[in-house]
Amino acid sequence: MEMAMKGILAVFWLILVPVAVGRLPFVKRRQPLLTERFVSGYLILFSIMEVLTLPMTFLKMPLHVLVISYGSIALILALTGVFVTVKAKDTIRLSGIFDREKIYFWIALILILAQMAMCVLLAHMDADDAFYVAQATSGVQTDTIFEIIPYTGQKYYGIASRYILSPFPVFLAVVSQLSAGLHPAIMAHMIFPAVFLPVVYSVQYLLGKKWFPGDKRAQGMYLFLTACICSFSAYSVYNSGSFQMIRIWQGKALLASAFLPLLLYICQSVLMEKKTEYPWVLLAMADLSCCLLSSMGIILGTMMLGVFLLLCLVIHRDWRAFLKGIICCIPSLVLGVFYILIV
Amino acid sequence: MMKEMIKKSLGFWNNYWGSSIFPYLLVIALLYLLIFKHKKKTTRYVLAYVFLMLFLFFFPYTAKIIQKCIGENVYWRVLWLVPSTSVIALALTEFIRGRKSFLQPVLLVLFAGMIAWGGKEFYTEGYYHKVNNYQQVPDVVAGICELAKQDADGKKFLLVADEYVSSYIRVYDPSVYLPFGRRGSGGAVGARRQLYFEINAPAFNYANIAKYAEWVKCNYLVVKIPNEQQKEELEACHYQELGVVGEYSVYRLGNSVEEYRSPLLGES
């Protein structure tokens, strides 16, 4: 019963809240798709987490202050998102859901559900958890943020290395506490795959929609093929498919499998279109979310954004878009300087 | 310098793809899109991005700068910026949708088969295991933690184990203190350093393990099940067997955890 309650709270904070929050970037725009709401919600929530966690870490504030702050802000944004949804009279579009054109989509969904079942019900032992998950369990146990060495339980002397700039383990600790104290290892190994695999494929679905507009059959085929490729990525431990399938609860895996492709999608939609499909702030949030997930994200996210800015300048000669893009990069550039100084 | 950098980049490239067909699929996909689909605006942008990114990866001077930023050992992670899964799926889908409708499901099945044949699947490659704890750590780790905690009866304690066990102990239970973590991180200095090497040695010297563990005042010592002589060596250093969990024996220093208190426990 207790476990069921914690599970329900986990669903609330990790699925319902992001979907509600994800309505906000579309206030003056069209009704977003469910997948757009889901991924936009995470962009907003991850950005908030990064902005809240960094100062609290340096000020050595207790974890429960961060939990209350993040929880309150997320709830307020979610309620605002619900209000906007009701006011805009958003509809749930179910017609055509079982059309023949969507058969490939349903086949893809079966494969994705099989992947989720495997990741949730079976265990993959990854020794990197000794840092990432243990950082969360240590934080929860001592009510601290990056003050305890996860390997030993001793206190850090000085700055807890460059990982402090990418506090995704703290996000794990926070959502565990918001879910009535669900053990962070259970949250990481059982809940996160069930939540973040859908995030991965939501991004792929959006890429498919962009590349095959109006062709539902092709979109379904594309999604199925991406799921196939990921399922058979065990040929090395380095590729993004492998990271996705065996350790998606770690920030760097989520970066490689979901958020770098998402940044790619948003760069195309904002920088490479005559009329931007999304607000510029989502681009900045995508870059900031990459910074939260991993110290790699600080550098890699900025690199991707930089390449697209260059393409935008060369192909469209759009100096305004270029400058706006540079502004979106500022948080990761600042963190990048810190990262290089600390490393 | 240039030749060496290119060689290194190629080395990372080969490791990234293993023995799969996917690098070849990626190249074929890029060529197909370049030759047949370059007029499509979205495809042009993707191609431009991918080619530019591959250039940045292989060009020695940019490779050198990036390696200075992120570290040489993890340079392969730059390949995460190449959306290979998306590009391969994009090219295959473009190819299929250009065919007659009755051929499309056949081609989809064929390509899925090719992907399955050219790659490797996770479950059959042994990446996943069944465990009996929700935290999804090795069952032996869960068992060791529970045994030690039950014996300690709410008191803080210091536990030492080999690399495999100590990597997951604090994932399962962060109230357990360790003298060092994975690869000796977090404190393998002095006697702790010696203990780290001894407990992870290819051939165990139980006398040395017990000696250093006693110096460090590790309340619990987790070792592979010892033979009779090895048990005597452990008992000579005041370690008493508490129980057996899987292939490990758990030993306690002295008669209770209160008898030996390490300064690492942070008690005044």
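Residues numbered from 1 in each chain as written. Chains lettered and ligands numbered in written order. Predicted model: local features only at pLDDT ≥ 70, side-chain atom pairs only at ≥ 80, totals over all residues. Heavy atoms only, no water.

## Considering unusual backbone geometry
Short version of the rule: Only DSSP runs of H or I with at least four residues qualify as helices, and only runs of E with at least two residues qualify as strands; both kinds are numbered from the N terminus onward. Burial status follows relative accessibility: with a 1.4 Å probe on protein chains alone, a residue under 20% of its type maximum counts as buried, one over 50% as exposed, and anything between as partly exposed.
In this structure, arginine 317 of chain A takes a positive phi of about 50° despite not being glycine. When you line up the elements, arginine 317 of chain A lands in the loop between helix H12 (295–316) and helix H13 (319–342). Owing to a relative accessible area of 61%, arginine 317 of chain A belongs among the exposed residues under this scheme. Not every positive phi belongs to a glycine, and glutamine 136 of chain B is a case in point at roughly 60°.

## A short note on the interface of chain B and chain A
Bring the parts together and some accessible area is lost; that lost area is often taken as the interface size. We count it as follows: The contact rule is simple, with two residues in contact once any of their heavy atoms fall within 4.5 Å. By buried area we mean how much accessible surface two parts lose on assembly, using a 1.4 Å probe and totalling the loss over both. We count a salt bridge whenever a side-chain nitrogen from Lys or Arg sits within 4 Å of a carboxyl oxygen from Asp or Glu. Residues are sorted three ways: Asp, Glu, Lys and Arg are charged, Ala, Val, Leu, Ile, Met, Phe, Trp, Tyr, Cys and Pro are nonpolar, and all the rest, Gly among them, are polar.
In this assembly, 77 residues from chain B lie in contact with 84 residues from chain A. Roughly 7500 Å² of surface becomes buried between chain B and chain A when both sides are summed, with 71% attributable to carbon and sulfur atoms. Counting the contacts that link chain B with chain A gives 3 salt bridges. Linking glutamate 273 of chain A and lysine 41 of chain B is a salt bridge whose minimum nitrogen-to-oxygen distance equals 3.3 Å. Where the side of chain B that touches chain A is concerned, the elements lending two or more residues are helix H1 (2–17), helix H3 (41–58), helix H4 (60–70), helix H5 (84–97), helix H6 (104–118) and helix H8 (163–172) of chain B. Ranked by residue count, the leading element in the side of chain B that touches chain A is H5 of chain B, at 10 residues. Here the residues of the side of chain B that touches chain A are counted per class, giving 48 nonpolar, 18 polar and 11 charged.

## Comments concerning the packing of aromatic side chains
Our working definition: Paired rings are identified among Phe, Tyr and Trp, the last through its six-membered ring, by centres lying within 6.5 Å, and are further divided according to the angle between planes into stacked (under 30 degrees), edge-to-face (over 60) and tilted (the rest).
Enumeration according to the criterion identifies 50 aromatic pairs over all chains in this entry. When the ring of phenylalanine 157 of chain B is compared with that of tyrosine 220 of chain B, the centres are 5.0 Å apart and the planes differ by 85°; the resulting orientation is edge-to-face. One end of the pair, phenylalanine 157 of chain B, is in the loop between helix H7 (139–152) and strand S1 (159–160); the other, tyrosine 220 of chain B, is in strand S2 (residues 220–224), with 63 residues separating them in the sequence. Accessibility assignment for this pair places phenylalanine 157 of chain B and tyrosine 220 of chain B in one class, buried. Members of the aromatic cluster, connected to one another through ring pairs, are Phe38, Tyr42, Phe46, Tyr70, Phe168, Phe171, Phe192, Phe196 and Phe259 of chain A.

## Remarks on the side chain of asparagine 133 of chain B
Residues and elements named next belong to chain B. Which entries qualify depends on this criterion: Here a polar contact means two N or O atoms within 3.5 Å. Within protein one must be a hydrogen donor candidate and the other an acceptor candidate, and residues neighboring in sequence count only if both atoms are side-chain atoms.
With respect to the helices and strands, asparagine 133 occurs in the loop between H6 and H7. Looking at asparagine 133, its side chain comes within polar contact range of the main-chain oxygen of valine 137, at 2.8 Å. Setting aside its immediate chain neighbours within four residues, asparagine 133 contacts Pro138, Asp139 and Ala142.

## Here we look at the pairing of S2 of chain B
Residues and elements named next belong to chain B. Going by this rule: Paired strands, as defined in this entry, are two strands with at least two bridges between them according to DSSP.
Within S2, 4 of the 5 residues are buried, which leaves the element mostly enclosed by the surrounding structure. Taken together, the 2 bridges between S1 and S2 define a ladder with parallel strand orientation. Across the sheet, the residue bridging to leucine 159 is tyrosine 220, located in S2. The pairing of S2 with strand S4 (residues 248–253) spans 5 bridges and is antiparallel. Across the sheet, valine 223 pairs through a bridge with serine 249, a residue of S4.

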